[in-house]
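Residue-level structure breakdown
Letter by letter, the chains look like this.
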Amino acid sequence: MAVIKESVEHLLGWGVSDTLFAEAVEFAKRKQEFLQHRSPEKLDEYHLTMLTAEYIRQSVLCKETEDLGLKLNDMKKSSRQKQGTPQVNHILSVSAL
């Protein structure tokens, strides 16, 4: 059962790198095997394509969220440095607890 990259890209509405696609197909195959052990229903190529697209969406969302968090953190650091505000590390000593 082969997942066609063009089918996944059509579902997503954007292109996917070969590396991410290969990773997504492997994950989708493992997930499909897991689902088939839990359900008597036979999953076909369509389901594998959908699982592949699902993994890619999740990966892209995770990466975008991580990038936004890092950018926000950099903006906060930059803002503190420009204002001359001392950076506060919220570290409590054991005696403070």
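Values in this document were obtained by computation on a predicted structure and should not be read as measured data.

Let us look at the side chain of T52. For T52, the location among the structural elements is in helix 3 (residues 45-83). Among the polar contacts listed, one links the side chain of T52 to the backbone oxygen of L48, at a separation of 2.8 Å. Ignoring anything within four residues of it in the chain, the contact list for T52 reads V3, V8, F21, A24, V25 and A28.

A few words now on the side chain of T49. Inspection of the secondary structure assignment puts T49 in helix 3. For T49, a relative accessible area of 8% translates into the label buried.

All right, on to helix 1 (residues 5-12) then. Working note: α-helix, 3.6 residues per turn, so residues spaced by three or four point in the same direction. All of the buried residues along helix 1 are K5, V8, E9 and L12. Taken end-on, helix 1 shows its buried residues confined to a sector of 100 degrees, consistent with a single buried face. Turned more than 90 degrees from where helix 1 packs its buried face, E6 and H10 sit exposed. Tucked inside the fold, the buried residues of helix 1 contact helix 2 (18-38) and helix 3. Where helix 1 ends, the next residue or the one after it, G13, has phi of about 90 degrees, a positive value.

Glancing now at the pattern of salt bridges. Scanning the model with the defined rule gives four salt bridges in all. Measuring nitrogen to oxygen at the nearest pair gives 3.3 Å for the salt bridge that ties E54 to K31. Of this pair, E54 sits in helix 3 while K31 is found in helix 2, placing the two residues 23 residues apart along the sequence. Across the salt bridge formed by D67 and K63, the nearest N and O atoms sit 3.0 Å from each other.

Thresholds, definitions, all that
- Residues numbered from 1 in each chain as written.
- Predicted model: local features only at pLDDT ≥ 70, side-chain atom pairs only at ≥ 80, totals over all residues.
- Heavy atoms only, no water.
- Helix = DSSP H or I, 4+ residues; strand = E, 2+ residues; numbered from the N terminus.
- Polar contact = N/O pair within 3.5 Å; in protein donor to acceptor, adjacent residues only side chain to side chain.
- Contact = heavy atoms within 4.5 Å.
- Buried < 20%, exposed > 50% of the residue type's maximum accessible area, 1.4 Å probe, protein only.
- Arc of directions from axis to C-beta.
- Salt bridge = Lys/Arg side-chain N within 4 Å of Asp/Glu carboxyl O.

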